Amino acid sequence: MLGLAYLVVMFFGHLPDHLILFPTRAPIDAGGAVRKKIQFENGELEIWTAQSRQARRQGRTDVFILRFYGNADRADRWAALEAEMWNDRAVEIWGMNYPGFGGSTGPARLAQIGPAALAAFDALTREAADRPIVAYGASIGATAALHVAAQRPIAGLVLHNPVPLREIILRQFGWWNLWLLAGPVAMQMPRDLDSIANARASRTPAIFLLAERDEIVAPRFHRLVVQAYAGEKRIIELRGAYHNDPIEGTALADLNDALGWVLTKSSPRVP
């Protein structure tokens, strides 16, 4: 009976979703961001969009940033603020709330993140026409961005503290439970979110933002994704930074410079 109960909980109780995802739905002041809805399966995805000052001034967006945020975070919190990160570029942010987060139809499931990310990209493609789309993911959002990069013709990729979920679960958390918990949880990680496999399949130019003192995802796990990445890449070391520290100062200037490199290197294909 104990063995049966173990199997039921491990493999049929959506345990990885409950252990890893921390969705919130409380209202958040979105500033000047605009809410969009796109159809996704039997519900909808919530997208928050915001244009930079230059995009508003010239009445046209030159670059779209498809943004995937970290766990327990939301697009409505950041989209308007991040639109102004890009100096004098005419940028438009499209920030996606994962299923079960914010106004996106739930429940929150790891298996839904990859398909939702592709649905957001496909919707943005129709809006962007021939203009470049750069996928930008932080923490668990990097798994979504890498999945898009492996499956769609994006112009570039920005990965902030990328997370190889399966490797972290097995190597960092397996020892104290003799892999009785970590093993089954790792086995249930969706293939869509395999950062190592997606990194090996990606060829678009990529920027890696790596926090030196990341206390949530050990830097050695960031490096696994960097080493696996098959495309051209630039690494921006965030000296003294922790996992959730904002990109600012010299690092932000370096990011803007690297985005210029991405846009000159990329040659997006027509889907």
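Data block above holds the structure.
This write-up is about the structure you can find in this document. Per chain, residue numbering runs from 1 following the sequence as it is written. Local features in this predicted model are restricted to residues of pLDDT 70 or higher, and side-chain atom pairs are both shown and tallied only at a pLDDT of 80 or more, whereas totals for entire chains, interfaces and linings draw on every residue. To get the side-chain values, take all heavy atoms of the structure and skip hydrogens and water.

A few words on helix α5 (residues 110–128). Each full turn of the α-helix corresponds to 3.6 residues, which orients residues three or four apart in the same direction. Look at α5: 27 Å from first C-alpha to last across 19 residues, which is about the 27 Å you get at 1.5 Å a residue. Immediately beyond the C-terminal end of α5, within one or two residues, lies Ala129, with a positive phi of roughly 60°. Put simply, DSSP H or I for four residues or longer makes a helix, DSSP E for two residues or longer makes a strand, and each gets a number counted from the N terminus. Take the residue count of a helix, subtract one, and multiply by 1.5 Å to get its expected span.

This part covers the sheet that holds strand β6 (residues 156–160). Ordered in space as β1-β2-β4-β3-β5-β6-β7-β8, the 8 strands form an open sheet in which the pairing is mixed. Strands at the two margins of the open sheet, each flanked by one partner only, are β1 (34–40) and β8 (233–238). When strand polarity is set aside, the average angle formed by the axes of neighbouring strands in this sheet is 20°. At least two DSSP bridges between two strands are required for those strands to pair. Where strand β3 (residues 63–68) meets strand β4 (residues 91–97), 6 bridges bridge the pair, whose relative direction is parallel. Residue pairing across strands places Leu66 opposite Trp94, the latter belonging to β4. Contacts between residues were defined by any pair of non-hydrogen atoms, one from each residue, lying within 4.5 Å. Comment: axis = line fitted to C-alpha atoms, over the contacting stretch for helices; angle = value between 0 and 180 degrees taken between N-to-C directions. Against the sheet, helix α4 (residues 75–82) touches β2 (43–51), β3 and β4, its axis set at about 175° to β4. Lying on the sheet, α5 is in contact with β1, β2, β3, β4 and β5 (133–138); it crosses β3 at an angle near 165°.

Attention now goes to the side chain of Asp73. Relative to the assigned elements, Asp73 resides in the loop between β3 and α4. Any pair of nitrogen or oxygen atoms within 3.5 Å is treated as a polar contact; in protein, a donor-acceptor pairing is required on top of that, and neighbouring residues in sequence qualify only through side-chain atoms on both sides. Side-chain polar atoms of Asp73 contact the side chain of Arg77, separated by 2.7 Å. A polar contact of 2.9 Å, which involves the side chain of Asp73, links it to the side chain of Trp78. Excluding its chain neighbours within four sequence positions, the residues that come into contact with Asp73 are Trp78 and Phe101.

Turning our attention to unusual backbone geometry. In this chain, Gly106 is followed by Pro107 through a cis amide linkage whose omega measures 5°. When you line up the elements, Pro107 lands in the loop between β4 and α5. Residue Ala72 is not a glycine yet carries a positive backbone phi of 70°. Relative to the assigned elements, Ala72 resides in the loop between β3 and α4. For Ser139, which is not a glycine, the phi torsion comes out positive at approximately 55°.

Attention shifts here to the packing of α5 against helix α6 (residues 140–151). Packing of α5 against α6 brings their axes to within 9 Å, and their N-to-C directions diverge by 55°. Accordingly, the angle class assigned to the pair α5 and α6 is oblique. Viewed along their axes, α5 and α6 form a crossing whose handedness is right-handed. On α6, the residues touching Leu110, Ile113, Gly114, Ala117, Leu118 and Phe121 of α5 are Ile140, Ala144, His147, Val148 and Gln151. Note that the term roughly parallel is reserved for angles under 35 degrees, roughly antiparallel for angles over 145, roughly perpendicular for angles of 65 to 115, and oblique for everything else. Crossings are sorted by hand: turned counterclockwise from the far helix by less than a right angle, the near helix makes the crossing left-handed, and turned clockwise it makes it right-handed.

Stacked, tilted and edge-to-face are the three classes assigned to paired rings of Phe, Tyr and Trp, where Trp is represented by its six-membered ring and a pair needs centres within 6.5 Å; plane angles under 30 degrees give stacked, over 60 edge-to-face, the rest tilted. One pass over the full model with this rule turns up 3 aromatic pairs. With 6.4 Å between their ring centres and 80° between their planes, Trp86 and Tyr136 make a pair best called edge-to-face. Here Tyr136 lies in strand β5 and Trp86 lies in the loop between α4 and β4, a separation of 50 residues in the sequence. The pair formed by Trp86 and Tyr136 is uniform in burial state, with each residue classed as buried. Taking the centre distance of 5.7 Å and the plane angle of 80° together, the rings of Phe208 and Tyr229 count as edge-to-face. Residue Phe208 is located in strand β7 (residues 206–211), and its partner Tyr229 is located in the loop between α10 (219–228) and β8; the two are separated by 21 residues in the primary sequence. Tyr229 carries the same exposure label as Phe208, and that label is buried. By definition, being over a ring means that NZ of Lys or CZ of Arg is both within 6 Å of the ring centre and within 35 degrees of the ring normal. The ring of Tyr136 has Arg67 lying over it, and the distance from NZ or CZ to the ring centre is 4.0 Å. Only protein chains enter the calculation, and the probe is 1.4 Å; a residue is then buried if its accessible area is under 20% of its type maximum, exposed if over 50%, and partly exposed in between.

Time to look at the nonpolar core. Only buried residues count toward a nonpolar core, which is a set of Ala, Val, Leu, Ile, Met, Phe, Trp, Tyr and Cys residues joined through side-chain atoms within 4.5 Å. With 59 residues, the main nonpolar core has Leu21, Leu66, Phe68, Met96, Leu110, Leu157 and Phe208 as its most contacted residues. Counting residues per element, this core draws most heavily on α5, at 11 residues. Formed by 31 residues, the second largest nonpolar core is a distinct cluster that contains Tyr69, Ala75, Ala211 and Ala251.

One ladder, built from 7 bridges, connects β1 with β2; its direction is antiparallel. Looking at the pairing, Phe40 lines up with Gly43 of β2. Counting the residues that bridge the hairpin from β1 to β2 gives 2 residues, and of these Glu41 lies at a positive phi of roughly 50°.

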